[in-house]
Amino acid sequence: MILEELTMPEFEEGLMRTRSVYIPFGSVEEHGAHLPLSTDTILAYEVGKKASQQVPLFVAPPVHYGNCRSTSCHPGTISIRTATLASLLKDIVRSLQSQGLRNFIVLTGHAGGAHRLSLQDAGEDLMSELPDIRMAVVTEYDLAAGEGREIIETAGDSHAGEIETSRILHSHPHLVKGSSPEEYPSFPAGILVRDKRRYWPGGVWGNPAKATAEKGKRLEELVVAKVVELVKALEEFDA
Ligand SMILES: [Zn+2]
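Within any chain, residue numbers begin from 1 and follow the written order of that chain's sequence. Local features in this predicted model are restricted to residues whose pLDDT is 70 or higher, and side-chain atom pairs enter the listing and the counts only when it is 80 or higher, whereas totals over whole chains, interfaces and linings include all residues. Calculation of side-chain values draws on the structure's entire complement of heavy atoms; hydrogens and water are dropped beforehand.

> In this structure, what is going on with the coordination of the zinc ion? I would like to understand it.
The textbook angles at a metal center are 109.5 degrees for a tetrahedron of four donors and 90 or 180 degrees for an octahedron of six. Counted as donors are N, O and S atoms no farther than 2.8 Å from the metal, or 3.2 Å for Na, K and Ca; water is not among the atoms, and sites may therefore look incomplete. Summarising the metal site, the zinc ion is bound by the protein donors His31 (NE2), Asp40 (OD), Glu164 (OE) and Glu164 (OE), whose distances to it range over 1.9 to 2.8 Å. Each of the four donor atoms around the zinc ion contributes to a set of angles spanning 52 to 141°, which defines the coordination as irregular. All donors of the zinc ion belong to a single chain; written as a sequence motif, their spacing is H-x8-D-x123-E. Here aspartate 40, found in helix H2 (residues 39-51), pairs with glutamate 164, found in helix H6 (residues 162-171); they are 124 residues apart in sequence, far enough to count as distant. When four donors show all angles between 85 and 135 degrees the site is tetrahedral, when four or six donors have opposite pairs over 155 degrees and all other angles between 65 and 115 it is square planar or octahedral respectively, and in every other case it is irregular. Each helix is a run of H or I in the DSSP string that is no shorter than four residues. Each strand is a run of E no shorter than two, and both are numbered from the N terminus.

In structure tokens:
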């Protein structure tokens, strides 16, 4: 059930089928020269839509903006502060909870360190504040890294490389504009860098040349299956 497309009566009927909601988080962030800025959002939303075809599940409208540090100097990246991100999650969950939702699956397509931590922190705060909710905060990587390794050839592929390019080639091929060179940036250890683009000129981490739509299809199916499992596990979890 895609929340943004439901009517008021459809929402009420949906509550009789499930109290679980999937909230996709993404980013507006450079993804090399060949993938759209909203890649993370598109992927997270797509997984939720497909999962909701297999298990009763509300899918909330995606949160398009995220906290992006290492790409903040690259053209097109629009980053929000971690405090803003945490507030967004808290307000959305509080409102959905007041509407009757109880099980919250937060999947973020953007896996930046500070971004992930702020969502986890906000989730912990919500668990204390709302005693009747259950929450999961995950990335696709958390769910599918083990089995996904059999599909992907590039070691250390993480941003606009083999994985993300394959996924977009599968689900949104019209948004892929050619390819970008293979790249593995190296930032100075421990030193905060002002001009981040200098250390990461192409904005890719991995190898887009290894991407295929077929790999994207297999990866997407794997992540969707893991989300369906997670929904069922969360609904039975004694929090
Ligand atoms: Zn991404």
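There's more to say after this.
> Just to check I follow, could you spell out the pairing of strand S3 (residues 103-108) for this structure?
If a strand is regular, its side chains alternate between the two faces of the sheet. The cut-offs for exposure are 20% and 50% of the maximum accessible area for each residue type, with area from a 1.4 Å probe on protein chains only; residues under the lower value are buried, those over the upper are exposed, and the others partly exposed. Burial within S3 is extensive, with six of its six residues counted as buried. For two strands to be treated as a pair, DSSP must find no fewer than two bridges joining them. Two elements, strand S1 (residues 20-25) and S3, share six bridges in a ladder whose sense is parallel. Residue pairing across strands places proline 24 opposite leucine 107, the latter belonging to S3. Relative to strand S4 (residues 134-139), S3 is paired through six bridges, and the arrangement is parallel. If you follow phenylalanine 104 over to S4, its bridge partner there is methionine 135. Read as a crossover between parallel neighbours, the route from S3 over helix H4 (residues 113-129) to S4 is right-handed. A right-handed crossover is one whose linking path, passing over the helix from the first strand to the second, runs clockwise when the strands point away from the viewer.

> Even after reading the chapter, I still don't get the sheet that holds S3, so can you show me in this structure?
The strands that make up a sheet pair up through hydrogen bonds in the backbone, lying either parallel or antiparallel. The parallel open sheet is built from four strands, whose spatial order is S2-S1-S3-S4. In this open sheet, the two edge strands, each paired with only one partner strand, are strand S2 (58-59) and S4. Docked against the sheet, helix H8 (residues 213-236) engages S1, S3 and S4, running at close to 150° with respect to S3. Whether two residues touch is decided by their heavy atoms; if any such pair falls within 4.5 Å, the residues are in contact. Note on geometry: axes are lines fitted to C-alpha atoms, helical ones only across the stretch in contact, with angles between N-to-C directions running from 0 to 180 degrees.

> Where do I start with the side chain of threonine 39 in this structure?
Its place among the elements puts threonine 39 in helix H2. Judged by its relative accessible area of 0%, threonine 39 falls in the buried class. Threonine 39 has contacts with His31, Glu164 and Ile168, leaving out every residue within four places of it along the chain.

> Would you mind going over the nonpolar core with me for this structure?
Judged by nonpolar contacts, the single largest core of 26 residues is most densely connected at Tyr22, Leu57, Ile105, Leu107 and Val227. Of all the elements in the fold, those that place two or more residues in this core are H2, S3, S4, helix H5 (140-148) and H8. When residues of this core are assigned to their parent elements, the largest contribution, nine residues, is made by H8. Core analysis: the second largest hydrophobic core is formed by 25 residues, Val21, Ala60, Ala86 and Phe104 among them. Take the buried Ala, Val, Leu, Ile, Met, Phe, Trp, Tyr and Cys residues and link them wherever side-chain atoms come within 4.5 Å; each set so joined is a nonpolar core.

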